[in-house]
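Residues per chain, in single letters:
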Amino acid sequence: MERCQLTLIFVDLVGSTQLSNQLELEEYRETLHRYQECCLKSIRGHNGYVAHFVGDGVVAYFGYPYAVEDDAERAVLAGLDICRAIQEVQPVGDTPLNVRIGITTGDVIIDDHPEYAGLALGEAPNLAARIQSLAQPGTVAVSDNTKRMLGANFICESTGKHDLKGFEREVEIWLVQRVDEVELRFQARQSSAVSPLVNREDELQLLSSRWQSACRGISQTVLLSGEAGIGKSRLVAAFIDKLEDDHCLNISFQCSPNHNKDAFFPIIALLNFMAKMSRHDTREDKLEKLQRLLSSWTNNPARALKIFANLLAISNEAEATQTEISPDEMKTQLQSVLIEILSELSERRPVVLLFEDLHWIYPSTEELLGLLIERLENRRILIICTYRPDYHDSWAG
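This text gives an overview of the structure that appears in the document. (Residues numbered from 1 in each chain as written. Predicted model: local features only at pLDDT ≥ 70, side-chain atom pairs only at ≥ 80, totals over all residues. Heavy atoms only, no water.)

A few words on the nonpolar core. Of all hydrophobic cores here, the largest spans 47 residues; its most connected members are Phe308 and Leu353. When residues of this core are traced back to their parent elements, those giving at least two are strand 10 (249–254), helix 9 (265–274), helix 10 (283–297), helix 11 (301–311), helix 13 (327–348), strand 11 (351–356), helix 14 (363–375) and strand 12 (381–387). Sorting elements by how many residues they give to this core places helix 13 first, with 8 residues. Apart from residues lying up to four places away in sequence, Leu353 is in contact with Ile251, Phe253, Leu342, Leu372, Ile381, Leu382, Ile383 and Ile384. Residues Cys38, Val58, Ala78 and Phe154 belong to the second largest nonpolar core, which totals 36 residues. (Core = buried A, V, L, I, M, F, W, Y, C linked by side-chain atoms within 4.5 Å. Buried < 20%, exposed > 50% of the residue type's maximum accessible area, 1.4 Å probe, protein only. Helix = DSSP H or I, 4+ residues; strand = E, 2+ residues; numbered from the N terminus. Contact = heavy atoms within 4.5 Å.)

Structure representation (structure tokens):
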């Protein structure tokens, strides 16, 4: 028997009784399997654990068998993915499929009895089911506990406090409307002021001494390793806060468990965020924003614009007439232009390069990081890398 905190997601197929009455048994079984496959793909795609099927319901855990600090985020992303993907599932009959989803976070006990192994016991599973029953078709509803763990990147609307059967106190339920643009994961989760940093004076002093060396033109790399939740990101944030008066430039590259197979995802995410890209922008809008950003970074933005526009899949008529470059050529050009830009930026003011969560890094980004460490020596640059103990880099030393 194991006690732990889980984020639970409860998915229900809307109108399943009506479907079972309209369809032949074989047709209903096929429809149900399509719906379940859709849920399985989205949940596993966000590293969730599918616990069991309850009739037309799907129950999944985020935080079991291994807990990660962004379990709640991944659960909500999986729920939103299911809502989108289910629209593309073709039913056997004429009625389109839809789901309603409830999510909550709380303490549970994982039963180890042979007949019930992996079953979560406690208040949270019942609450997830109750929240799901109140959600509108095609939406994801979350409890107040889960909402507090999401932070500013997830735009939610309160539906008020509800008197739920079996619960003594009213429960506030939130409707997840959308996920906002990519932002540094640690900052995005902080919807309120962070707690004071305690007993990290030695680590802050080490970072400060490395920063002073970097400011003198001797580039430095600091590797910060620790278990999930120990406060790696909090320590780095406290250090960077102290540099606000040093007129430095802070550039953060965030690896993600949902994009650990996407080449150069941290660079793509950074460009989208710093250029203030929106999903509603036209190609012309995106090119203009990218041009504006690069003009502030380098005196030769034209070459960088071509390479980064290609990376972000922003095409224009002039580029469409040219021969496409190979992935290896693209990688070489991207590495070269990033090194040039960072060298130029470091001549203007000292730079902090933060690479967060290297345990989720893709090989192409890891190779780039190794080149930056090698080729940016004698520059006013401090590189900070955070990762968990099970990550083993190929370039240290």
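Time to look at the pairing of strand 3 (residues 57–62). Within strand 3, 6 of the 6 residues are buried, which leaves the element mostly enclosed by the surrounding structure. Sheet analysis places strand 1 (residues 2–13) next to strand 3, joined by 6 bridges and oriented antiparallel. Looking at strand 3, one finds that Val11 is bridged to Val58. Note: strand 2 (residues 49–54) against strand 3, 5 bridges, orientation antiparallel. Following the sheet pairing, Val50 is matched in strand 3 by Ala60. Counted between consecutive antiparallel strands, the loop separating strand 2 from strand 3 contains 2 residues, among which Gly55 sits at a positive phi close to 60°. (Pairing = 2+ DSSP bridges.)

With that settled, the discussion passes to unusual backbone geometry. For Phe264, which is not a glycine, the phi torsion comes out positive at approximately 60°. Tracing the sequence through the fold places Phe264 in the loop between strand 10 and helix 9. Looking at Phe264, the relative accessible area reads 8%, which means it is buried. Even without a glycine there, the phi angle at Asn378 is positive, about 60°. Tracing the sequence through the fold places Asn378 in the loop between helix 14 and strand 12.

Locating Leu243 in the fold gives a position in the loop between helix 8 (232–241) and strand 10. With relative accessibility at 5%, the residue Leu243 sits in the buried group. Distance from Leu243 to Trp211, taken between C-alpha atoms, is 9.4 Å for residues 32 residues apart in sequence. Not counting chain neighbours up to four residues away, the residues in contact with Leu243 comprise Trp211, Cys248 and Val352.

Right, let's get into the sheet that holds strand 9 (residues 220–225). Reading across from one edge, 9-12-11-10 is the order of the 4 strands in this open sheet, with parallel pairing throughout. Pairing within the sheet leaves two strands with one partner each, and these edge strands are strand 9 and strand 10. In this sheet, neighbouring strand axes are inclined to one another by 15° on average, regardless of whether the strands run parallel or antiparallel. Bridging between strand 10 and strand 11 involves 6 bridges; their strand directions are parallel. Following the sheet pairing, Ser252 is matched in strand 11 by Leu354. Against the sheet, helix 8 touches strand 9, strand 10, strand 11 and strand 12, its axis set at about 160° to strand 12. Each of strand 9, strand 11 and strand 12 touches helix 14; the most contacted strand, strand 12, lies at about 145° to it. (Axes fitted to C-alpha atoms, helices over the stretch in contact; angles between N-to-C directions.)

Using the criterion set out here, one finds 5 aromatic pairs in the structure. An angle of 35° between the planes, with centres 5.9 Å apart, marks the rings of Tyr49 and Tyr61 as tilted. Of this pair, Tyr49 sits in strand 2 while Tyr61 sits in strand 3, and the two are 12 residues apart along the sequence. Overall, Tyr49 belongs to the partly exposed group, its relative accessible area being 28%. Aromatic side chains Phe253 and Phe355 sit 4.7 Å apart centroid to centroid with 20° between the ring planes, which places their arrangement in the stacked category. Residue Phe253 is found in strand 10, and its partner Phe355 is found in strand 11; the two are separated by 102 residues along the sequence. Taken individually, Phe253 and Phe355 each receive the classification buried, so the pair is uniform in this respect. In textbook terms, an aromatic cluster arises when at least three aromatic residues are bridged by ring pairs, as seen for Tyr49, Tyr61 and Tyr64. Just above the ring of Trp174 sits the side chain of Lys147; from NZ or CZ to the centre is 4.5 Å. (Phe/Tyr/Trp six-rings, centres within 6.5 Å; stacked < 30°, edge-to-face > 60°. Lys NZ or Arg CZ within 6 Å of the ring centre and 35° of its normal.)

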